[in-house]
Amino acid sequence: MAQIRAIRAAQPGNLMARYFDEDYFNSLDEPKRGRLLEIIRSGLENPDSQMGAYAHNDSDYEDFAPLLEPMIREYHNIPREQEIEQKHDWSLTASRCNLEDIDPGLNGVSMRVRVGRNLAALPLPAAMTKAQRLEFEALMIEAFMTLQDDPQFGGQYFSLTPGSSHAIDDAAYQRRVQAHQMFKDMRGDPYITAAGIAADWPFGRGMYVSNSEDFLIWVGEEDHLRIMAMREGGDLAALLARLHDGLEQLKGLIPAFAHSRRYGNITSCPTNLGTAMRASLHLSLPRLTEGGKDLGPARKTASGFGLSVRGAGGEHSDAGHGGLVDISPRARLGKTETAIIQRLYEGTAALWSLENAG
Ligand code: ADP
Ligand code: MG
């Protein structure tokens, strides 16, 4: 417990350390203490964690609410007096959300919107056995064999599982990573590795990509599934509709997702609960990043608009050439899917005018 106190003092951003209460921990029985230590292992081993906890099972959010709920409220900005409740709304047609309306020069930016999903019938990735990872991939391959004939979402599945009949070689995998389509080797991420989420890599991992290459499904990353629409353009409503249509197709082919009234879609990381949606743009902000050398000023400005800033290579990467960054609304819980896209639009308008001011 001295370790947690030290982290709290040195790393005020580590929400696990901030909200960890020794009396609560000591009130738990032995098995529950063991479970909680597994959930917070990543935050203990990585003091600079933002959250510092990953769920192992969907029941963890209720079972360990005294620790997790304050962390969740803080991250998603939900005050204590407000009930946590997740409502869904994907209808964006009437709203203004074409980036062209901000600046014609923004038409053509790289847009991506992804949601995380986990099957209710399986443990979350941190707690899966190798056999479960392989069974899950096999179940998804069955679904993809149907999806591949769909006129809108037809495509191919590429597996990283050694010996799979869908396997791709390392060079092809690296090309997909470079193209921002495929996820990186998970063992390079100390946060998810400490949580057990990268275990058994690369078994049970892979990606489905539509022939149009604008609809993708990751299998076996931080959540069982990450489903995304990605394309260059400016029409955020069309992007959201593409994801929603694909998600509806997929839902008809696989068992039910883990979901709760309060927390919406259940995800490994508490930052992703609710919509589990991260809607991002690759935006060039040379002025706010000092030519790509420092994400700090862009982060500070963007956070005032409810946006997070990542490097152009994804989480834990630096700004790209010319100050290319990834911006996305921070909150995913307690806001509808539509509200998240609107936040991205409004936030981009505000950031863009600051970037181009004076
Ligand atoms: P997430 O956790 O939402 O899946 P990551 O930060 O882990 O996102 O990034 C995953 C990949 O998606 C990285 O290759 C990243 O560069 C890419 N990516 C994210 N947003 C965009 C975007 N708007 N355009 C192109 N690629 C993107
Ligand atoms: Mg990620």
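Before reading on, note that the structure itself is shown above.
Being a predicted model, the structure only gives us computed values, none of them experimental. (Residues numbered from 1 in each chain as written. Chains lettered and ligands numbered in written order. Predicted model: local features only at pLDDT ≥ 70, side-chain atom pairs only at ≥ 80, totals over all residues. Heavy atoms only, no water.)

1. Side note on the environment of Glu 85
Next, step 1: Mapped onto the secondary structure, Glu 85 falls in the loop between helix 7 (65-76) and strand 1 (109-117).
Next, step 2: What Glu 85 contacts, discounting residues up to four positions off in sequence, is Arg 261, Arg 262 and Gly 334.
Next, step 3: In this structure the side chain of Glu 85 is engaged in a polar contact, spanning 3.5 Å, whose partner is the side chain of Lys 87. (Helix = DSSP H or I, 4+ residues; strand = E, 2+ residues; numbered from the N terminus. Contact = heavy atoms within 4.5 Å. Polar contact = N/O pair within 3.5 Å; in protein donor to acceptor, adjacent residues only side chain to side chain.)

2. Here's the deal with the side chain of Thr 161
Next, step 1: Mapped onto the elements, Thr 161 comes out in the loop between strand 2 (155-159) and helix 9 (170-178).
Next, step 2: In contact with Thr 161, not counting residues within four places along its chain, are Leu 134, Glu 137, Ala 167, Pro 202, Phe 203, Gly 204 and Arg 205.

3. A word on helix 13 (residues 337-355)
Next, step 1: Given a rise of 1.5 Å per residue, 19 residues ought to cover 27 Å, and the 27 Å separating the end C-alpha atoms of helix 13 matches this to within 8%.
Next, step 2: Regarding helix 13, the residues found buried are Glu 337, Thr 338, Ile 340, Ile 341, Leu 344, Tyr 345, Gly 347, Thr 348, Leu 351, Trp 352 and Glu 355.
Next, step 3: Elements that come into contact with the buried residues of helix 13 comprise strand 1, helix 11 (236-251), strand 8 (277-284), helix 12 (296-303), strand 9 (307-311) and strand 10 (324-329). (Expected span 1.5 Å × (residues − 1). Buried < 20%, exposed > 50% of the residue type's maximum accessible area, 1.4 Å probe, protein only.)

4. A word on the pairing of strand 4 (residues 215-219)
Next, step 1: For strand 4, a buried count of five out of five residues is recorded, marking the element as mostly surrounded by other parts of the structure.
Next, step 2: Because side chains alternate across strand 4, one face comprises the buried residues Phe 215, Ile 217 and Val 219, and the other comprises Leu 216 and Trp 218, equally buried.
Next, step 3: As paired strands, strand 3 (residues 206-210) and strand 4 are joined by four bridges and run antiparallel to one another. What sits directly across from Tyr 208, in strand 4, is Ile 217.
Next, step 4: Hairpin connection, strand 3 to strand 4: the antiparallel pair is bridged by four residues, and Glu 213 has positive phi, about 60°.
Next, step 5: Relative to strand 5 (residues 225-233), strand 4 runs antiparallel, the two being bridged by five bridges. Bridging across to strand 5, Trp 218 finds its partner in Arg 226.
Next, step 6: The turn joining strand 4 and strand 5, which pair antiparallel and follow one another in sequence, is formed by five residues; a positive phi near 80° is taken by Gly 220. (Pairing = 2+ DSSP bridges.)

5. What to know about the site of ligand 1
Next, step 1: Around ligand 1 there are 17 residues in total, and Ser 110, Arg 114, His 180, Ser 280 and Arg 310 lie nearest to it.
Next, step 2: A distance of 2.6 Å is found between an oxygen atom of ligand 1 and a side-chain nitrogen or oxygen belonging to Arg 114.
Next, step 3: At a separation of 2.7 Å, an oxygen atom of ligand 1 approaches a polar side-chain atom of His 180.
Next, step 4: Protein burial of ligand 1: of its 570 Å² of free accessible surface, 93% is covered by the chains.
Next, step 5: Of all elements in the fold, only strand 1 and strand 8 reach the threshold of two or more residues within the shell around ligand 1. (Near = heavy atom within 4 Å. Areas by Shrake-Rupley, 256 points an atom, 1.4 Å probe, with all protein chains shown as cover.)

6. Notes on the packing of aromatic side chains
Next, step 1: Per the counting criterion, the structure on display carries seven aromatic pairs.
Next, step 2: Aromatic pair Phe 183 and Trp 218: ring centres 5.1 Å apart, planes at 55°, arrangement tilted. Residue Phe 183 is located in the loop between helix 9 and helix 10 (190-195), and its partner Trp 218 is located in strand 4; the two are separated by 35 residues in the primary sequence.
Next, step 3: The class of Trp 218 is buried, set by a relative accessible area of 8%. (Phe/Tyr/Trp six-rings, centres within 6.5 Å; stacked < 30°, edge-to-face > 60°.)

7. What about the pattern of salt bridges?
Next, step 1: Tallied over the full model, the rule gives 21 salt bridges.
Next, step 2: In this structure, the salt-bridge partner of Glu 85 is Lys 87, at a minimum N-O distance of 3.5 Å.
Next, step 3: Accessibility expressed as a relative area gives 32% for Glu 85, which makes it partly exposed.
Next, step 4: Given the relative accessible area of 53%, Lys 87 is considered exposed.
Next, step 5: For Arg 226, the salt bridge identified is with Glu 222, shortest N-O distance 3.3 Å.
Next, step 6: Classification of Glu 222 by relative accessible area gives buried; the value is 9%.
Next, step 7: Look at the salt bridges and you will find they share partners, linking Glu 221, Glu 222, Asp 223 and Arg 226 into a network. (Salt bridge = Lys/Arg side-chain N within 4 Å of Asp/Glu carboxyl O.)

8. Observations concerning the pairing of strand 5
Next, step 1: Most of strand 5 is tucked away: seven of the nine residues are buried.
Next, step 2: Examined bridge by bridge, strand 1 and strand 5 share nine bridges and lie antiparallel to one another. Within strand 5, the residue paired with Val 115 across the bridge is Ile 227.

9. A few points about the sheet that holds strand 4
Next, step 1: If you trace the eight strands from one edge of the open sheet to the other, you get 2-3-4-5-1-8-10-9, paired in antiparallel fashion. With partners counted over all chains shown, the strands left at the sheet margins are strand 2 and strand 9, one partner each. Direction aside, the axes of adjacent strands within the sheet are offset by 20° on average.
Next, step 2: Across the sheet, helix 8 (residues 130-147) is in contact with strand 2, strand 3, strand 4 and strand 5; its angle to strand 4 comes to roughly 160°.
Next, step 3: Of the strands in this sheet, strand 1, strand 8, strand 9 and strand 10 are in contact with helix 13, which crosses strand 8 at around 20°. (Axes fitted to C-alpha atoms, helices over the stretch in contact; angles between N-to-C directions.)

10. So, the nonpolar core
Next, step 1: With 56 residues, the main nonpolar core has Leu 225 and Leu 236 as its most contacted residues.
Next, step 2: Per-element tally for this core: the top contributor is helix 11, with seven residues.
Next, step 3: Apart from residues lying up to four places away in sequence, Leu 236 is in contact with Leu 92, Cys 97, Leu 99, Met 111, Leu 281, Ile 341, Leu 344 and Tyr 345. (Core = buried A, V, L, I, M, F, W, Y, C linked by side-chain atoms within 4.5 Å.)

11. Here's the deal with unusual backbone geometry
Next, step 1: In the segment running from Trp 201 into Pro 202, the intervening peptide bond is cis, with an omega of 0°.
Next, step 2: Its location among the elements puts Pro 202 in the loop between helix 10 and strand 3.
Next, step 3: In this model, Asp 200 sits at a positive phi of 65°, which is unusual for a non-glycine residue.
Next, step 4: As for its position among the elements, Asp 200 is in the loop between helix 10 and strand 3.
Next, step 5: The exposure class of Asp 200 is partly exposed, given its relative accessible area of 27%.

As far as function goes, none of this settles anything; it's purely spatial.
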